[in-house]
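# Overview (structure and organization)
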Amino acid sequence: MRAVTDAPPGKPSEDPRDALIREQARLIAAQAEQIAALEATVAGLRERLGTAARAGSRNSGNSSMPPSSDDMPGRKPPRKQRRAAERAEKKKRGKQPGSPGASMTWEVPDRAEDHHPEGACSCGRDLADAADLGVARSYQQEEIPAAPAERVQHDLHEAKCACGRVHVAARPAGVPDSALSIGPKLRALAVYLVVFQHVPVERCRQLIADVTGAAVSDGFIHSCLAKAASLAAEVVRLIRALITAAAVAGFDETTLRSGPAGEKKYVHGAFTEEYSAFWLGARSLDSMADAGILPGFAGVVVSDRYQNYFHLRWEHIAGNQACLSHLLRDYQDCAESHPGAVWPVQAQRALRGMIHAWHTAREQGLDAIPAEVRKPLEHEFRHAVLAGLASVPRVPGPKNSTKQKPGRELLEFCRDRRSDVLLFTEDTSIWPTNNISERGVRPLKTQQKISGRLASDDVTQDRLDIRSYIDTARKHGKNAMDVLHDLMLGRPWRPPAHALSP
């Protein structure tokens, strides 16, 4: 029997399993924190990879990037281009069935050359003494004549009238008051090669020397550019006025390396079916105003979705038409960013249907797309936009700093500016796409790829003015060399000014 004492009973010893449980709980909590951190890291990496993948997959077929960027490293060509390459691999070489052919036809020759047998006959007689029996066979060959530069001396005669006065012949057009000079055709050729065919100045000098034998300098070529721009200045001002007075004009801009290294410049272009104008500046409202067309333009602006074309500063414009080619590419990006979604395909189908209906209505001489054709397509497009808005919710946050999911801003544009998307359906004089402007600025990217950075902004603007002159003349069916030759003679070609007629 235990003895009873006054001391309290001792505290029971702790079970070792309790300490183990506490340690395991601590480790589990630490691991949970580590897992949460790793999950956040993985999510961030996936987002970055997704963004990089989407950026790498952007091309001229699903974004506003120019076609010249499709061959950049890491870029995936547009689907249409990839499919064309796949079909090309399966095709046989040569003319394809159904494609238009080109063949030479026998025509009256510009000149004929007679060729007689030469040498000796097997009998030993010289064939030069043989009797000519006429032509046995004939061959025609397309050839260009040799084009050596000629040294032309212009002698100005003087004549004495019966009254005693002496008269001296006037200098011909294109001949400066200098003992030695280079003629207008050679100057026109230099400008044509540099501005229209994008040949760098040094290679232009070499080409002229190889083809014509004329020895010219780089400074001579630069002087030709300055002279051509000066002679075309009045015509360029007229072209800008004609575009300003037009009912519909397309506007676009593209980057160009000009001036000191590190500075990014933009070429702003304004185009109609008959006129082209270019201006060097920055991508700003002030530069667009300095170009001198938008401030007074009272027609319909056809452009991409760049916000400056929709600015209230252009208070005279009659309306905006968003380029459907850009929208189709943007919806293609949505289809690739949201695999399996129906609304991007539905929107593209509706837009293509409206473009086709516009062409049909214009060919038939109609002022607008017939309502029975237009309304079902507009209904389909509206429901595609609503479905997209429901599928791609807006990310909360400030509008100017919060990045939205692919397609959200496009859908909001199509919802909020529906009239700017479908304006062409009610007036066939308004183009549904801005392809005319994209074609207009595309040669500038070719020029940049070949020549690189242009050292002077003033010289760059001279080139752009000459380009305005040449492009406008070609839109009127004129030969580029012919109008440049006339320009160098001091009689520049002028476009018809019917747009300014009262």
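Preceding this paragraph is the structure being described.
I will try to describe carefully the structure that is included in this document. (Residues numbered from 1 in each chain as written. Predicted model: local features only at pLDDT ≥ 70, side-chain atom pairs only at ≥ 80, totals over all residues. Heavy atoms only, no water.)

Let us now look at the overall build of the chain. Scanning the chain for helices and strands turns up 14 helices and 7 strands. The burial tally for the chain puts 36% of its 502 residues in the buried class. Once local pairs closer than 6 in sequence are excluded, the contacts in the chain between residues at least 24 apart make up 62%. Accessible surface computed for the chain: about 31,600 Å², of which carbon and sulfur atoms make up 53%. (Helix = DSSP H or I, 4+ residues; strand = E, 2+ residues; numbered from the N terminus. Buried < 20%, exposed > 50% of the residue type's maximum accessible area, 1.4 Å probe, protein only. Contact = heavy atoms within 4.5 Å. Areas by Shrake-Rupley, 256 points an atom, 1.4 Å probe, with all protein chains shown as cover.)

As a further point, take the pairing of strand S7 (residues 319–322). Residue alternation in S7 divides its side chains into two sets, Gly319 and Gln321 and Asn320 and Ala322, and both sets are buried. For strand S6 (residues 300–303) and S7, the ladder comprises 4 bridges, and the chain directions are parallel. Across the sheet, Val301 pairs through a bridge with Asn320, a residue of S7. (Pairing = 2+ DSSP bridges.)

Let us now look at the pairing of strand S5 (residues 276–281). Judged by how many residues are buried, S5 sits mostly within the fold: 5 of 6 residues are covered. Relative to S5, strand S4 (residues 265–271) runs antiparallel, the two sharing 6 bridges. Bridging across to S5, Phe271 finds its partner in Ser276.

What follows covers the pattern of salt bridges. Per the stated rule, a full pass over the model turns up 19 salt bridges. Two residues, Arg417 and Asp420, come together in a salt bridge whose shortest N-O distance is 2.8 Å. A relative accessible area of 32% means that Arg417 is categorised as partly exposed. In the salt-bridge network here, residues are joined through shared partners; they are Arg374, Glu378 and Arg418. (Salt bridge = Lys/Arg side-chain N within 4 Å of Asp/Glu carboxyl O.)

This paragraph deals with the nonpolar core. In terms of nonpolar packing, the biggest core is built from 90 residues, with Tyr331 and Phe381 touching the most fellow members. A total of 13 residues in this core trace back to one element, the largest contributor, which is helix H5 (residues 218–244). Excluding anything up to four places from it in sequence, Phe381 contacts Tyr331, Ala347, Ala350, Leu351, Met354, Cys414 and Val421. Residues Val267, Leu280, Val441 and Leu444 belong to the second largest nonpolar core, which totals 9 residues. (Core = buried A, V, L, I, M, F, W, Y, C linked by side-chain atoms within 4.5 Å.)

Another aspect to go through is the sheet that holds strand S3 (residues 248–256). Paired through their backbone hydrogen bonds, the strands of a sheet run either parallel or antiparallel. The strand order S5-S4-S3-S6-S7 describes an open sheet built from 5 strands, whose pairing is mixed. Either end of the sheet is taken by a strand with one partner, and the two such strands are S5 and S7. Across this sheet, the average inter-strand angle for adjacent strands is 25°, counted without regard to direction. Against the sheet, H5 makes contact with S3, S4 and S5, and its axis sits at roughly 105° relative to S5, the strand it touches most. (Axes fitted to C-alpha atoms, helices over the stretch in contact; angles between N-to-C directions.)

Glancing now at a negative patch on the surface. A grouping of Glu107, Asp110, Glu142 and Glu143 is seen on the molecular surface, where their side chains present a negatively charged patch. Residue placement: Glu107 occurs in the loop between helix H2 (79–90) and strand S1 (158–160). (Patch = residues over 30% accessible without salt bridge, like charges linked within 9 Å, V, L, I, M, F, W, Y side chains within 5 Å. Lys, Arg positive; Asp, Glu negative; His and termini not counted. Charge placed at Lys NZ, Arg CZ, Asp CG, Glu CD.)

What follows deals with the packing of helix H3 (residues 184–196) against helix H13 (residues 457–475). Helix-helix packing: each pair is described by the crossing angle between the helix axes and the interaxial distance. At a minimum axis distance of 10 Å, the contact between H3 and H13 shows a crossing angle of 95°. Here H3 is positioned roughly perpendicular relative to H13, judged by the angle of their axes. Of H13, the residues touching H3 (which contributes Val191, Val194, Val195 and Phe196) are Arg463, Ile466, Arg467, Ile470, Asp471 and Arg474. Considering only residue class, the contact of H3 with H13 consists of 6 nonpolar, no polar and 4 charged. (Parallel < 35°, antiparallel > 145°, perpendicular 65-115°, else oblique. Nonpolar A, V, L, I, M, F, W, Y, C, P; charged D, E, K, R; others polar.)

Moving on: the environment of Pro176. As for its placement among the helices and strands, Pro176 is situated in the loop between strand S2 (166–168) and H3. In this structure Pro176 touches Arg171 and Ser181, once residues within four positions along its chain are discounted.

The terminal C-alpha atoms of helix H7 (residues 324–337), which comprises 14 residues, lie 19 Å apart, in line with the 20 Å expected from a rise of 1.5 Å per residue. In terms of residue burial, H7 counts as a mostly covered element, since 11 of its 14 residues are buried. (Expected span 1.5 Å × (residues − 1).)

Scanning the entire structure with this criterion turns up 8 aromatic pairs. Pairing Tyr331 with Trp343 gives two aromatic rings, centres 6.4 Å apart and planes at 80°, and the pair type is edge-to-face. One end of the pair, Tyr331, is in helix H7; the other, Trp343, is in helix H8 (residues 343–363), with 12 residues separating them in the sequence. Pair check on accessibility: Tyr331 and Trp343 agree, each one buried. Here a set of aromatic residues connected by ring pairs shows up, and it is made of Phe251, Phe297, Tyr306 and Tyr309. Residue placement shows Arg283 over the ring face of Tyr306; its charged tip is 3.8 Å from the ring centre. Over the face of the ring belonging to Phe413 we find Arg305, whose NZ or CZ atom lies 5.6 Å from the ring centre. (Phe/Tyr/Trp six-rings, centres within 6.5 Å; stacked < 30°, edge-to-face > 60°. Lys NZ or Arg CZ within 6 Å of the ring centre and 35° of its normal.)

Here H13 crosses helix H14 (residues 480–488) at 125°, and the two axes come no closer than 9 Å. Here H13 lies oblique to H14, going by the angle between them. For the element pair H13 and H14, the recorded crossing hand is right-handed. Within the contact between the two elements, H13 uses Ile466, Tyr469, Ile470, Ala473 and Arg474 and H14 uses Ala480, Val483, Leu484 and Leu487. Its residues assigned to classes, the contact of H13 with H14 shows 8 nonpolar, no polar and 1 charged. (Left-handed = near helix turned anticlockwise from the far one by under 90°.)

A few words now on unusual backbone geometry. Located in the positive-phi region is His198, a residue other than glycine, with phi close to 60°. Mapping His198 onto the fold places it in the loop between H3 and helix H4 (201–212). Take His198: its relative accessible area is 11%, and that puts it in the buried class.

The next subject is the environment of Met354. In this structure, Met354 sits in helix H8. Separated by 15 residues in the primary sequence, Met354 and Ile369 place their C-alpha atoms 8.3 Å from one another. Residues in contact with Met354, not counting those within four places in the same chain, are Ile369, Leu377, Glu378, Phe381, Leu422, Phe424 and Thr425.

This paragraph deals with a nonpolar patch on the surface. On the surface, a cluster of nonpolar side chains totalling about 250 Å² of accessible area is made up of Leu156, Val166 and Val168. Position of Val168 relative to the elements: it lies in strand S2. Exposure remark for Val168: the relative accessible area of 52% places this residue in the exposed category.

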